[in-house]
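Residues per chain, in single letters:
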Amino acid sequence: MEVKIESSWKEVLQDEFAKEYFAELTKKVRDAYTSKTVFPPPKLIFNAFELCPFEKVKVVILGQDPYHGPGQAHGLAFSVPEGIATPPSLQNIYKEIKADIGTGIPKSGNLERWAKQGVLLLNSTLTVQMAEANSHQQFGWEKFTDAVIQTISENKEHVVFMLWGSFARSKSSLIDQNKHLILEAPHPSPLSAHRGFLGCQHFSQANKYLEENGLKPIEW
């Protein structure tokens, strides 16, 4: 199947694109876009991969579902385009970064600058129907994104995986802990951030690990 995705990802995931479930997933997604309002815009479904090629991946931040409000989702977990109000979970991420490493809180919620430094902002499900959270969870996206996580784990070394919340933490079994750093915490949502996300110091820990392994730290 011909999939429009950044070339290095196309190469490492080519077996996945050839599987029957991916053909079924593609049909479900195409049908959804033709009959409903679906986010993100079709050309941005694989934006996380476009901005962060496979060979550049240093950190993986795993989200669950794209934002389902108009103009919010642009293919990067936790991120919103320029000019869109910073969502509550990202506000808490920014608060933690400031407390952890002293960086000021940005006015923009656009995390493309992270992606371009090697942070894969991966949602487990890559599309969603407007105003209906988790509406595409049964499409087969998780099978694909689980394969992405395993591919990174098996073919790279010294990647930091940030798993926030019980859903993301359930993916730890896909990752080789002998080769990579797994950082776990409650979700940054206002409902749970006070239970241990705020104060987790994941951003300084990630940079320390990257530097110890000869990699350039992320400018959070």
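This text follows the structure it describes.
So, here's what we can say about the structure. Being a predicted model, the structure only gives us computed values, none of them experimental.

Cut-off values and rules
Residues numbered from 1 in each chain as written. Predicted model: local features only at pLDDT ≥ 70, side-chain atom pairs only at ≥ 80, totals over all residues. Heavy atoms only, no water. Axes fitted to C-alpha atoms, helices over the stretch in contact; angles between N-to-C directions. Helix = DSSP H or I, 4+ residues; strand = E, 2+ residues; numbered from the N terminus. Parallel < 35°, antiparallel > 145°, perpendicular 65-115°, else oblique. Left-handed = near helix turned anticlockwise from the far one by under 90°. Contact = heavy atoms within 4.5 Å. Nonpolar A, V, L, I, M, F, W, Y, C, P; charged D, E, K, R; others polar. Pairing = 2+ DSSP bridges. Buried < 20%, exposed > 50% of the residue type's maximum accessible area, 1.4 Å probe, protein only.

1. Examining the packing of helix α3 (residues 20-35) against helix α7 (residues 141-155)
Point 1. Viewed as axis vectors pointing N to C, α3 and α7 meet at an angle of 125°, and their least axial separation amounts to 9 Å. Here α7 runs oblique to α3, going by the angle between their axes. Where α3 crosses over α7, the handedness of that crossing is left-handed. Packed against α3, whose contacting residues are Y21, F22, L25 and V29, the element α7 presents W141, K143 and F144 at the interface.
Point 2. Of the residues belonging to the contact of α3 with α7, the class tally is 6 nonpolar, no polar and 1 charged.

2. Points about the sheet that holds strand β2 (residues 59-63)
Point 1. Within the open sheet, the 4 strands sit side by side as β3-β2-β5-β6. Their pairing is parallel. The two strands at the open ends of the sheet, each matched to only one other strand, are β3 (119-123) and β6 (181-185). Neighbour-to-neighbour, the strand axes of this sheet turn through a mean angle of 20°, independent of strand direction.
Point 2. The pairing of strand β5 (residues 160-164) with β6 spans 5 bridges and is parallel.

3. Concerning the side chain of H74
Point 1. Following the sequence through the fold, H74 ends up in the loop between β2 and α5 (88-101).
Point 2. A residue is classified by how much of its surface remains accessible, and H74, at 4% relative accessible area, is buried.
Point 3. Ignoring sequence-local partners within four residues, the contact set of H74 consists of P40, L44, N47, S79, V80, P81, N110 and E112.

4. Let's talk about the environment of G196
Point 1. The residue G196 is located in the loop between β6 and α9 (202-212) in this model.
Point 2. The spacing of G196 and T151 is 45 residues in sequence and 29 Å in space, taken between C-alpha atoms.
Point 3. Among residues more than four places away in sequence, those in contact with G196 are A185 and P186.

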